[in-house]
Amino acid sequence: MLEFLQAIALRLRMLVPLAVVLGAAGFVLFAAAAVGLAPATYLTPGLLAAIWGVWLFALLTGFRGAPPAAAPEQSWARRQRARLARAGNILMAWVVVGTGLAALFLSYRLGVLWLDGRA
């Protein structure tokens, strides 16, 4: 999975500025609607834009250089260090995938509410 996410991050690395702009614009829109400077109907789109911007930024910057697997000719300590680094990146990969699935579900639910006029 690390290699797959690294391939995605490397192919889409030019979208990092878009992720930053999307996250910042979503946060500003959400904050403006929360304090009353914008209509309250902008709360949901602002929140979703901020969530997706941060998620995309984490995906594109977190997996640019996945650590390689430990080589058998390395010393025991270096192999353990490489395995620990790889295990941390695998944990981060599962967190990013799980967060993306949660954001997808949240986008669907909030989108339905927003289109119905209840959010």
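All of the points below concern the structure found in this document.

### Brief notes about helix α4 (residues 76-116)
The periodicity of an α-helix, 3.6 residues per turn, causes residues three or four places apart in sequence to face the same way. For α4, spanning 41 residues, the distance from its first C-alpha to its last is 60 Å, which sits close to the expected 60 Å at 1.5 Å a residue. At its buried positions, α4 is contacted by α1 (2-11) and α3 (43-62).

### Regarding the pattern of salt bridges
Between side chains of opposite charge, a pair can form as their charged atoms come close. For the structure shown, the criterion picks out one salt bridge. Residue glutamate 3 pairs with arginine 86 through a salt bridge whose shortest N-O separation is 2.7 Å. Here glutamate 3, found in helix α1, pairs with arginine 86, found in helix α4; they are 83 residues apart in sequence, far enough to count as distant. Assessed through its relative accessible area of 45%, glutamate 3 is described here as partly exposed. Residue classification places arginine 86 among the buried residues on the basis of a relative accessible area of 19%.

### What about the environment of alanine 32?
Positionally, alanine 32 belongs in helix α2 (residues 16-35). Residue classification places alanine 32 among the buried positions, given a relative accessible area of 18%. Separated by 49 residues in the primary sequence, alanine 32 and arginine 81 have C-alpha atoms spaced 46 Å apart. Non-local contacts of alanine 32, meaning those with residues more than four positions away in its chain, are made with Leu37 and Ala38.

### Here's the deal with the packing of α1 against α4
Relative placement of two packed helices is described by the angle separating their axes and the distance separating the axes. Contact geometry for α1 and α4: axes closest at 10 Å, N-to-C directions at 65 degrees. Classified by the angle between their axes, α1 and α4 sit roughly perpendicular to one another. For the pair α1 and α4, the sense of crossing is left-handed. Packed against α1, whose contacting residues are Leu2, Glu3 and Leu5, the element α4 presents Arg86, Asn89, Ile90, Ala93 and Val97 at the interface.

What counts and how
Residues numbered from 1 in each chain as written. Predicted model: local features only at pLDDT ≥ 70, side-chain atom pairs only at ≥ 80, totals over all residues. Heavy atoms only, no water. Helix = DSSP H or I, 4+ residues; strand = E, 2+ residues; numbered from the N terminus. Expected span 1.5 Å × (residues − 1). Contact = heavy atoms within 4.5 Å. Salt bridge = Lys/Arg side-chain N within 4 Å of Asp/Glu carboxyl O. Buried < 20%, exposed > 50% of the residue type's maximum accessible area, 1.4 Å probe, protein only. Axes fitted to C-alpha atoms, helices over the stretch in contact; angles between N-to-C directions. Parallel < 35°, antiparallel > 145°, perpendicular 65-115°, else oblique. Left-handed = near helix turned anticlockwise from the far one by under 90°.

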